[in-house]
Amino acid sequence: MIKTFLHMATLCIILMLLTTQQVLCWNNSLQHKINANNTDMNALEMAISHNKQGIVYMETGYPLHAIDEFKLGIMLNPNSTMSGTLYNNLGRAYEIIKQYDHAINCYEHAIKINPNFSPYYKNLVNAYISKKQLNKAQTNYEKIVKINPEDAQAFFILALIYMKQNNNNKAIEALNKFLNLQPNIELANAARKYLNRLEK
């Protein structure tokens, strides 16, 4: 009972400290204290709980509260695939309040954590659209693949950008380059579905 009360008191204090709306506004000592007081299983369960509460806040029109919930979930479980989901949802919450740079940053974090989940890529491209910077993103990713033609993820993102621009020929070319580089990963299934749709 006392342990539960202390956990709740600690989380309340952390929530009050998270007053800025930056993507990574917590400090390492605070994160260390949270991790020291939780087993991995408890941390995961609590991260899932914060994610669920964040979704409720988003759906009921409280994106700032949702942002705090997602950040707490990430702090509790920073190195799992669950944090990919949390970063993605954090990005969605930032988009609601039109903080597109933070949203883009979150989607990029989600992709790093789980590079095989295609919705993260779609959300990233949609954030560029919302920011009215799709052409700039295209130029940036074209530079990336020119410098590093082995960057499969950049080709996948480029393909999605080209599709949004209705440039099907370039999208097909980018998807084929992605598949040549990474034919056997899970994301390749999404790439093949896009190719089938474009080549009809």
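Residues numbered from 1 in each chain as written. Predicted model: local features only at pLDDT ≥ 70, side-chain atom pairs only at ≥ 80, totals over all residues. Heavy atoms only, no water.

A. Examining the overall build of the protein chain more closely. For the protein chain, the count of helices and strands is 11 helices and 0 strands. Listing each helix as α and each strand as β along the protein chain from the N terminus yields α-α-α-α-α-α-α-α-α-α-α. Burial statistics for the protein chain: of 200 residues in total, 43% are counted as buried. Excluding contacts between residues fewer than 6 apart, the proportion of contacts in the protein chain whose partners are at least 24 apart in sequence is 56%. About 11,200 Å² of surface is accessible on the protein chain, with carbon and sulfur atoms providing 53% of the total. (Helix = DSSP H or I, 4+ residues; strand = E, 2+ residues; numbered from the N terminus. Buried < 20%, exposed > 50% of the residue type's maximum accessible area, 1.4 Å probe, protein only. Contact = heavy atoms within 4.5 Å. Areas by Shrake-Rupley, 256 points an atom, 1.4 Å probe, with all protein chains shown as cover.)

B. Fine view of helix H9 (residues 152–164). With 13 residues, H9 ought to run about 18 Å at 1.5 Å a step, and its terminal C-alpha atoms sit 19 Å apart, in line with that. Here H9 lies mainly inside the structure; 11 of its 13 residues are buried. Every buried residue of H9 is listed here: Ala152, Ala154, Phe155, Phe156, Ile157, Leu158, Ala159, Leu160, Ile161, Tyr162 and Met163. Buried residues along H9 sit in contact with helix H7 (118–130), helix H8 (134–147), helix H10 (168–181) and helix H11 (187–198). One side-chain oxygen of the residue at the start of H9 lies 3.4 Å from the amide nitrogen of Gln153, identifying that residue as Asp151. Asn166 sits one or two positions beyond H9 and adopts a positive phi of about 60°. (Expected span 1.5 Å × (residues − 1). Polar contact = N/O pair within 3.5 Å; in protein donor to acceptor, adjacent residues only side chain to side chain.)

C. Seen up close, unusual backbone geometry. In the Ramachandran plot, Lys98 falls in the positive-phi region, its phi being about 65° despite a non-glycine side chain. For Lys98, the position within the fold is in the loop between helix H5 (81–96) and helix H6 (100–113). Its relative accessible area of 59% is what places Lys98 among the exposed residues. With a phi close to 60°, Lys132 is a non-glycine residue in the positive phi region.

D. Main features of a positive patch on the surface. There is a patch of like positive charges on the surface, built from Lys122, Lys164, Arg197 and Lys200. Assignment of secondary structure puts Lys164 in helix H9. (Patch = residues over 30% accessible without salt bridge, like charges linked within 9 Å, V, L, I, M, F, W, Y side chains within 5 Å. Salt bridge = Lys/Arg side-chain N within 4 Å of Asp/Glu carboxyl O. Lys, Arg positive; Asp, Glu negative; His and termini not counted. Charge placed at Lys NZ, Arg CZ, Asp CG, Glu CD.)

E. Looking closely at the side chain of Glu69. Checked against the element boundaries, Glu69 lands in helix H4 (residues 63–76). Buried charge without a salt bridge: Glu69, with Lys52 as the nearest opposite-charge side chain at an N-O distance of 12 Å. Those residues in contact with Glu69 that sit more than four places away from it in its chain are His50, Gln53, Gly54 and Tyr57.

F. Seen up close, H11. With 12 residues, H11 extends 17 Å from end C-alpha to end C-alpha; this agrees with the ideal 16 Å at 1.5 Å per step. What H11 keeps buried is the set Leu187, Ala188, Ala190, Ala191, Tyr194, Leu195 and Leu198. The arc that holds every buried residue of H11, seen down its axis, measures 155°, which confines them to one face. Exposed and facing more than 90 degrees away from the buried side of H11 are Lys193 and Arg197. Next to the buried residues of H11 lie H7, H9 and H10. (Arc of directions from axis to C-beta.)

G. View of the packing of aromatic side chains. Under the criterion given, the structure shown has 5 aromatic pairs. Ring centres of Tyr121 and Phe156 lie 5.0 Å apart, and the angle between their planes is 70°; on these two criteria the pair is classed as edge-to-face. A residue pair is termed long-range when its members are at least 10 positions apart, and Tyr121 in helix H7 and Phe156 in helix H9 qualify at 35 residues. Residue class for Phe156 comes out buried when judged on its relative accessible area of 0%. (Phe/Tyr/Trp six-rings, centres within 6.5 Å; stacked < 30°, edge-to-face > 60°.)

Purely spatial values, then, with no claim about function.
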